[in-house]
Amino acid sequence: MKYSSSTTAVPDAPKVPRHVAIIMDGNGRWATKRFLPRVAGHVKGVEAVRNIVEGCALRGVEYVTLFAFSSENWRRPEEEVSLLMRLFVTALEREVSKLHANNIRLKVVGDLSRFDEKLRGMIAAAERKTANNTRLTVTICANYGGRWDIMQAVGKMVAAHPGATDFSEEQLAPHLAMAYAPEPDLFIRTGGEERISNFLLWQLAYTELFFTDTYWPDFSIESLDAAIASYQNRERRFGRTGDQLAEKTT
Ligand code: IPE
Ligand code: IPE
Ligand code: MG
């Protein structure tokens, strides 16, 4: 992909968001409300993923990025963490061939070194299998943190320019974990909290933010359409005035 940045040049503002990034929050509360164990919410959440990925493909979205496990989620009870890992393995086992059949590319980004070898092997195999698919790219952020991403990119950038002390955005960006994707146009967080929780800190610079109280397992195609409709009503100025935008379109 050609490098594009919302800060070094004015990007285009596509009608249908090219890249949608989602914090899938509220699984635990969805389950608790039903007197179910938290894990039941995570299981139900996987179904919502399937549905929303399909909905995005049908709507012409090119990149969907899903926050599945943050670098801070290790702080949860060990039982919940190991269950989430098992769920990740079964989801990969069940879904990868379907993604492939639908021409969908799968990427997993984050500090994968903390995952066990079996899971790492499955991730690598799934990425390899779907690498040439072109309809939609689904990225799962697993053990991902925005600060981790920036720090690992800085490390690689410095190593790539030995002795240099002065760097540009263009030199950093190719080392970010999602360098293959444009910056998100639309960010969605379900579950009622209005925070970024160390998601894509660098890439969200000019992303339109959408928050909803709906818990992730209840997030439906209608909910997705409501988020896209909200996005379509925004004026994406990228630092310019509203008048400047009006001049451009008339
Ligand atoms: C999001 O749902 C899924 C993960 C973080 C893995 P939560 O598990 O955070 O659900 P709540 O926020 O406790 O309801
Ligand atoms: C953010 O949700 C991470 C994921 C959805 C994977 P959290 O539930 O972990 O976020 P906080 O702790 O409420 O900020
Ligand atoms: Mg949560």
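First, a word on scope: everything that follows refers to the structure included in this document. (Residues numbered from 1 in each chain as written. Chains lettered and ligands numbered in written order. Predicted model: local features only at pLDDT ≥ 70, side-chain atom pairs only at ≥ 80, totals over all residues. Heavy atoms only, no water.)

## Describing the sheet that holds strand S1 (residues 19-23)
The strands that make up a sheet are held in pairs by hydrogen bonds between backbone atoms, and each pair lies either parallel or antiparallel.
Next up, step 1: Reading across the sheet, the six strands line up as S3-S4-S2-S1-S5-S6 and stay open at both edges, with parallel pairing between neighbours. Looking at strand neighbours, the two that pair on one side only are strand S3 (104-109) and strand S6 (208-211), the edges of this open sheet. Taking the axes of each pair of neighbouring strands and ignoring which way they run, one obtains an average angle of 20° across the sheet.
Next up, step 2: The pairing of strand S5 (residues 186-189) with S6 spans four bridges and is classified as parallel. (Pairing = 2+ DSSP bridges. Helix = DSSP H or I, 4+ residues; strand = E, 2+ residues; numbered from the N terminus. Axes fitted to C-alpha atoms, helices over the stretch in contact; angles between N-to-C directions.)

## Digging into the packing of helix H2 (residues 38-58) against helix H3 (residues 78-101)
Next up, step 1: Contact geometry for H2 and H3: axes closest at 11 Å, N-to-C directions at 25°. Classified by the angle their axes make, H2 and H3 are roughly parallel. With respect to the hand of their crossing, H2 and H3 are arranged in right-handed fashion. Of the residues in H3, those in contact with Arg38, Val39, His42, Val43, Val46, Arg50 and Val53 of H2 are Glu80, Leu83, Leu84, Leu87, Ala91, Glu95, Lys98 and Leu99.
Next up, step 2: Of the residues belonging to the contact of H2 with H3, the class tally is nine nonpolar, one polar and five charged. (Parallel < 35°, antiparallel > 145°, perpendicular 65-115°, else oblique. Left-handed = near helix turned anticlockwise from the far one by under 90°. Contact = heavy atoms within 4.5 Å. Nonpolar A, V, L, I, M, F, W, Y, C, P; charged D, E, K, R; others polar.)

## Thoughts on the pattern of salt bridges
Next up, step 1: By the definition in use, this model includes 15 salt bridges.
Next up, step 2: Between Arg189 and Asp25 there is a salt bridge; the shortest N-O distance is 2.9 Å. Here Arg189 is found in strand S5, whereas its partner Asp25 is found in the loop between S1 and helix H1 (27-33), with 164 residues between them in sequence. In this structure, Arg189 and Asp25 share a single accessibility class: buried.
Next up, step 3: Taking the shortest distance from any N to any O, the salt bridge between Arg234 and Glu208 comes out at 3.1 Å. Taken together, the positions of Arg234 in the loop between helix H7 (221-232) and helix H8 (242-249) and Glu208 in strand S6 put the pair 26 residues apart, joining distant regions of the chain.
Next up, step 4: Residue Glu208 is classed as buried on the basis of its relative accessible area of 14%.
Next up, step 5: Residues participating in the shared-partner salt-bridge network are Asp25, Arg29, Arg189, Glu193 and Arg195. (Salt bridge = Lys/Arg side-chain N within 4 Å of Asp/Glu carboxyl O. Buried < 20%, exposed > 50% of the residue type's maximum accessible area, 1.4 Å probe, protein only.)

## A closer look at the side chain of Asp25
Next up, step 1: Of the residues examined, Asp25 reaches a relative accessible area of 16% and is grouped as buried.
Next up, step 2: Only 2.9 Å separates the side chain of Asp25 from the side chain of Arg189, close enough to count as a polar contact.
Next up, step 3: Discounting chain neighbours no more than four positions away, the residues touching Asp25 are Arg189, Thr190, Gly191, Glu193, Thr214, Tyr215 and Trp216. (Polar contact = N/O pair within 3.5 Å; in protein donor to acceptor, adjacent residues only side chain to side chain.)

## Quick word on the site of ligand 1
Next up, step 1: Lining the immediate surroundings of ligand 1 are 13 residues, of which Asp25, Gly28, Arg29, Arg38 and Arg76 lie closest.
Next up, step 2: For ligand 1, an oxygen atom lies 2.7 Å from a polar atom in the side chain of Arg76.
Next up, step 3: When ligand 1 sits alone it has 380 Å² of accessible area, and the protein chains cover 88% of it.
Next up, step 4: If you map ligand 1 onto the pockets, it falls in the largest pocket.
Next up, step 5: Those elements that place two or more of their residues in the shell around ligand 1 are H1, H2 and H3. (Near = heavy atom within 4 Å. Areas by Shrake-Rupley, 256 points an atom, 1.4 Å probe, with all protein chains shown as cover. 1 Å grid on protein atoms, 1.4 Å probe; cavity = no way out; pocket = protein on both sides within 12 Å on 5 of 7 lines; lining within 4 Å. Sits in = over half its atoms within 2 Å of the grid points.)

## A look at the site of ligand 2
Next up, step 1: In the vicinity of ligand 2, the contacting residues are Ile23, Met24, Asp25, Phe67, Ala68, Phe69, Ser70, Asn73, Arg76, Arg189, Arg195 and Ser197.
Next up, step 2: Side-chain polar atom of Asp25 to an oxygen atom of ligand 2: 3.1 Å apart, as the coordinates give it.
Next up, step 3: A distance of 2.9 Å is found between an oxygen atom of ligand 2 and a side-chain nitrogen or oxygen belonging to Asn73.
Next up, step 4: Most atoms of ligand 2, that is more than half of them, are within 2 Å of grid points of the largest pocket.
Next up, step 5: For the shell around ligand 2, the leading source of residues is strand S2 (residues 63-70), giving four residues.

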